Amino acid sequence: YIEWSADLREIGDRAFEGCALTGVSLPNSVTRIGAGCFAGCSEMIDIILPRGVTVIPDEVCRQCTSLAFAYFSDGVTEIGSDAFAGCAALYMIDLPAGLCKVGSTPLAGCANLTEIYMHAGMKQADGAILTQTSKPTIHFIGTMDEWAAVEKINDWDPDLKVVCSDGTVNDR
């Protein structure tokens, strides 16, 4: 790990690309991280992004092949293209309720992705998030009625297994 300055506000594009970091936990002062900032950090196992980061940029962790877990706050409204593409060890991701925009193929090549958590309050379930992934189970933190109210866009697969707090929808 790197010891970060409490005054750090942003990290530039490709700043740590290809570095041998094993994990990243940024201070709450950070509000922006650049595209490809941690791309190719093949030894990185986890990343924790602070509350102030609202945009997960393009290719931020692309080809972080050991990345198993990515945590970001409910304040995230956008996930960029190929943000976690090629993260072969990523097995689960928790998408924030405020997510509004998803770039193309953010999870492409995440071969071990088996679980995606989504939250009540989400307005849309974007099929782009699942492009080039296996069919993971969706864990919806809300009821089946709340899931029914979520707009499904961009080729959302209606056959996905969605587990809600009060039952399962579309059990494969």
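Residues numbered from 1 in each chain as written. Predicted model: local features only at pLDDT ≥ 70, side-chain atom pairs only at ≥ 80, totals over all residues. Heavy atoms only, no water.

*Asks:* Before we go on, may I ask you to explain the pattern of salt bridges in this structure?
*Replies:* Side chains carrying opposite charge are able to pair once their charged atoms draw close together. Under the definition given, this model contains 6 salt bridges. Ionic pairing is found between Asp 157 and Lys 135, a salt bridge with its closest N-O pair at 2.8 Å. In this pair, Asp 157 is assigned in the loop between β13 (151–153) and β14 (162–164) and Lys 135 in the loop between β11 (124–126) and β12 (137–141), connecting sequence segments 22 residues apart. A single salt-bridge network, built from bridges that share partners, covers Arg 14, Glu 17, Glu 59 and Arg 62. (Salt bridge = Lys/Arg side-chain N within 4 Å of Asp/Glu carboxyl O. Helix = DSSP H or I, 4+ residues; strand = E, 2+ residues; numbered from the N terminus.)

*Asks:* Would you take a moment to explain the pairing of strand β10 (residues 115–119) for this structure?
*Replies:* Note that strand β8 (residues 92–94) and β10 share 3 bridges and pair parallel. When the bridges of β10 are listed, Met 92 appears paired with Glu 115. With 5 bridges connecting them, β10 and β12 associate as parallel partners. Bridged to Tyr 117 within β12 is His 139. (Pairing = 2+ DSSP bridges.)

*Asks:* For this particular structure, what's the right way to read the sheet that holds strand β7 (residues 78–79)?
*Replies:* In any sheet, the strands associate via hydrogen bonds between backbone groups, in a parallel or an antiparallel arrangement. Taken together, 3 strands build an open sheet; the order of strands is β5-β7-β9 and the sheet is parallel. Edge strands, defined here as strands with exactly one partner in the open sheet, are β5 (55–56) and β9 (101–102).

*Asks:* Can you help me understand the environment of Arg 51 in this one?
*Replies:* Structurally, Arg 51 is set in the loop between β4 (46–48) and β5. Expressed as a C-alpha distance, the spacing of Arg 51 and Glu 10, which sit 41 residues apart in the sequence, is 13 Å. Excluding residues that lie within four positions of it along the chain, Arg 51 makes contacts with Asn 28 and Ser 73. (Contact = heavy atoms within 4.5 Å.)

*Asks:* For this particular structure, what's the right way to read the side chain of His 119?
*Replies:* Relative to the assigned elements, His 119 resides in strand β10. Polar contacts involving the side chain of His 119 include one to the side chain of Asp 94, which spans 2.5 Å. Setting aside residues up to four positions removed in sequence, His 119 forms contacts with Asp 94, Leu 95, Pro 96, Ala 97, Phe 140 and Ile 141. (Polar contact = N/O pair within 3.5 Å; in protein donor to acceptor, adjacent residues only side chain to side chain.)

*Asks:* Looking at this structure, I do not really get the packing of aromatic side chains. What am I missing?
*Replies:* Each aromatic ring pair is summarised here by two numbers: the centre-to-centre distance and the angle between the ring planes. Per the counting criterion, the structure on display carries 5 aromatic pairs. Judged by centre distance (5.8 Å) and plane angle (55°), the ring pair of Trp 147 and Trp 156 falls under tilted. Side by side, Trp 147 and Trp 156 carry an identical accessibility label, which is buried. Through a chain of ring-to-ring contacts, three or more aromatic side chains come together here, namely Trp 4, Phe 16 and Phe 38. (Phe/Tyr/Trp six-rings, centres within 6.5 Å; stacked < 30°, edge-to-face > 60°. Buried < 20%, exposed > 50% of the residue type's maximum accessible area, 1.4 Å probe, protein only.)

*Asks:* How should I be thinking about the sheet that holds β8 in this particular structure?
*Replies:* In spatial order, the strands read β2-β4-β6-β8-β10-β12-β14-β15; together these 8 strands make up an open sheet with mixed pairing. Because the sheet does not close on itself, it has two edges, and the strands there are β2 (23–25) and β15 (167–169). Pairwise comparison of adjacent strand axes, ignoring direction, gives a mean angle of 15° for this sheet. (Axes fitted to C-alpha atoms, helices over the stretch in contact; angles between N-to-C directions.)

*Asks:* When you look at the state of the cysteines in this model, what are you seeing that I'm missing?
*Replies:* Here is the idea: a disulfide is a covalent bond, and it sits between the sulfur atoms of two cysteines. Throughout the structure, instances matching the rule amount to 0 disulfides. Left without a disulfide partner, Cys 19 is nearest to the cysteine sulfur of Cys 41, which lies 5.4 Å away. Exposure remark for Cys 19: the relative accessible area of 29% places this residue in the partly exposed category. (Disulfide = S-S within 2.5 Å.)

*Asks:* Quick question: what am I supposed to make of the environment of Glu 151 here?
*Replies:* As for its placement among the helices and strands, Glu 151 is situated in strand β13. Note: C-alpha distance between Glu 151 and Asp 126 (25 residues apart in sequence) is 8.4 Å.

*Asks:* How should I be thinking about the pairing of β12 in this particular structure?
*Replies:* In terms of burial, β12 is largely enclosed, as 4 of its 5 residues are buried. Sheet topology note: the β12/β14 ladder contains 2 bridges and is parallel. Across the sheet, the residue bridging to His 139 is Val 163, located in β14.

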